[in-house]
Amino acid sequence: MNLKITSYPAPKTNGFVFSSENLAKAKDYMARYPEGRQASAVIYLLYLAQVQNGNWVSDACIEYVAELLEMAPIRVYEVASFYTMFNRKPVGKHLVQVCRTTHCWLNGSDAIAKACLEAAGTTHLGETSSDGMVTVREVECLGACCNAPMFQVNDRDYYEDLTPERAQEIVAALKRDETVQPGSQKGRLASVPEGGPTTLQATFGKEGA
């Protein structure tokens, strides 16, 4: 009898499985690593699971990824709980992540977070609006320091050069499930200074736009 002995309980996936498309993506990504090193794909597989599961990683998702990668479930739990990109409980359709690190904080991120909560109709960070459309939370640096303050919506769109008033308008639009043009809300080109470029003017033009 050929028995596989492990030091951890068998994963309990509770019926969660990747779609055929996501399973193909997962296997392709796992194949990028040497034999026996497939655990290196854990972050990408958790991301796939989160997207498929409505933007959050349930225990079943974690256990399934553990089974697929032949990892101890606790090791996958450790990854999912360490990175703030993984949502460990359900969130709204639009997850508004307000940067609160130094540049954004000095430029008024506290007021941005308050404005977002008011527009969402919630009172606490991490709370989801009653219609299920918006969750607002604070996160650490999102790497758009030149255009602070800013927030990110879901895993893609950056909204920069915000004012509390503009933040409220954007969140109100998200509650109506409307598309809002991402990027600088002042019309700034990339990270060009507000007064226009001081170098490479032949490239950007004196007006900076």
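### Some words on the overall build of the protein chain
In terms of regular secondary structure, the protein chain is built from 8 helices and 5 strands. Each helix (α) and strand (β) of the protein chain, taken in turn from the N terminus, gives the series α-α-α-α-β-α-α-β-β-β-α-β-α. Across its three principal axes, the protein chain shows a C-alpha extent of roughly 75 × 45 × 30 Å. When burial is assessed residue by residue, the protein chain has 41% of its 209 residues classed as buried. The contacts of the protein chain with a sequence gap of at least 6 include a subset with a gap of at least 24, amounting to 61%. The average position of the 20 basic charges and that of the 24 acidic charges among the side chains of the protein chain differ by 3 Å.

### Topic: the pattern of salt bridges
Pairs can form between side chains of opposite charge once their charged atoms are near each other. In the structure shown here, the tally under the stated rule is 11 salt bridges. Between Arg188 and Asp161 there is a salt bridge, with its nearest N and O atoms 2.7 Å apart. With Arg188 in the loop between strand E5 (183–184) and helix H8 (201–204) and Asp161 in the loop between strand E4 (157–160) and helix H7 (164–175), the pair connects residues that are 27 residues apart, well separated along the chain. Taken as a pair, Arg188 and Asp161 share a single burial class, namely buried.

### Considering the packing of aromatic side chains
Summed over the entire model, instances satisfying the criterion amount to 7 aromatic pairs. Arranged with centres 5.1 Å apart and planes meeting at 90 degrees, the rings of Phe18 and Tyr64 form a pair that is edge-to-face. Here Tyr64 lies in helix H3 (residues 59–69) and Phe18 lies in the segment before helix H1 (20–30), a separation of 46 residues in the sequence. Comparing Phe18 with Tyr64, the two get one shared label, buried. With a centroid separation of 4.9 Å and 85 degrees between ring planes, the pair formed by Phe82 and Tyr83 is classed as edge-to-face. On the basis of relative accessible area, Phe82 is assigned to the exposed category, the value being 63%. A residue is classified by how much of its surface remains accessible, and Tyr83, at 35% relative accessible area, is partly exposed.

### Some details on the packing of H3 against helix H4 (residues 73–82)
Where H3 meets H4, the axes come as close as 8 Å, and the angle between the chain directions of the two elements is 125 degrees. Classed by the angle they form, the pair H3 and H4 counts as oblique. Relative to H4, the crossing made by H3 is right-handed. Across the interface between the two elements, Asp59, Ile62, Glu63, Val65 and Ala66 from H3 touch Pro73, Val76, Tyr77 and Ala80 from H4. Here the residues of the contact of H3 with H4 sort into 7 nonpolar, no polar and 2 charged.

### Some details on the sheet that holds strand E2 (residues 134–139)
If you walk across this open sheet you meet the 5 strands as E2-E1-E3-E4-E5, and the pairing is mixed. Strand pairing shows two members of the sheet lacking a second neighbour, E2 and E5, which therefore form its edges. Here H7 sits on the sheet in contact with strand E1 (94–99), E2, strand E3 (151–153) and E4, set at roughly 10 degrees to E3.

### A closer look at H3
Extensive coverage of H3 is indicated by the burial of 8 of its 11 residues. Inspection of H3 places Ala60, Cys61, Ile62, Glu63, Tyr64, Val65, Ala66 and Leu69 among the buried residues, and these make up the whole buried set.

### Here we look at the pairing of E1
Counting buried positions over the 6 residues of E1 gives 6, a clear majority of the element. Taking every second residue as pointing to the same face, both faces of E1 are buried, with His94, Val96 and Val98 on one and Leu95, Gln97 and Cys99 on the other. Across 6 bridges, E1 lies against E2 in parallel orientation. Bridge assignment links His94 to a residue of E2, and that residue is Val134.

Calculation rules
Residues numbered from 1 in each chain as written. Predicted model: local features only at pLDDT ≥ 70, side-chain atom pairs only at ≥ 80, totals over all residues. Heavy atoms only, no water. Helix = DSSP H or I, 4+ residues; strand = E, 2+ residues; numbered from the N terminus. Buried < 20%, exposed > 50% of the residue type's maximum accessible area, 1.4 Å probe, protein only. Contact = heavy atoms within 4.5 Å. Lys, Arg positive; Asp, Glu negative; His and termini not counted. Charge placed at Lys NZ, Arg CZ, Asp CG, Glu CD. Salt bridge = Lys/Arg side-chain N within 4 Å of Asp/Glu carboxyl O. Phe/Tyr/Trp six-rings, centres within 6.5 Å; stacked < 30°, edge-to-face > 60°. Axes fitted to C-alpha atoms, helices over the stretch in contact; angles between N-to-C directions. Parallel < 35°, antiparallel > 145°, perpendicular 65-115°, else oblique. Left-handed = near helix turned anticlockwise from the far one by under 90°. Nonpolar A, V, L, I, M, F, W, Y, C, P; charged D, E, K, R; others polar. Pairing = 2+ DSSP bridges.

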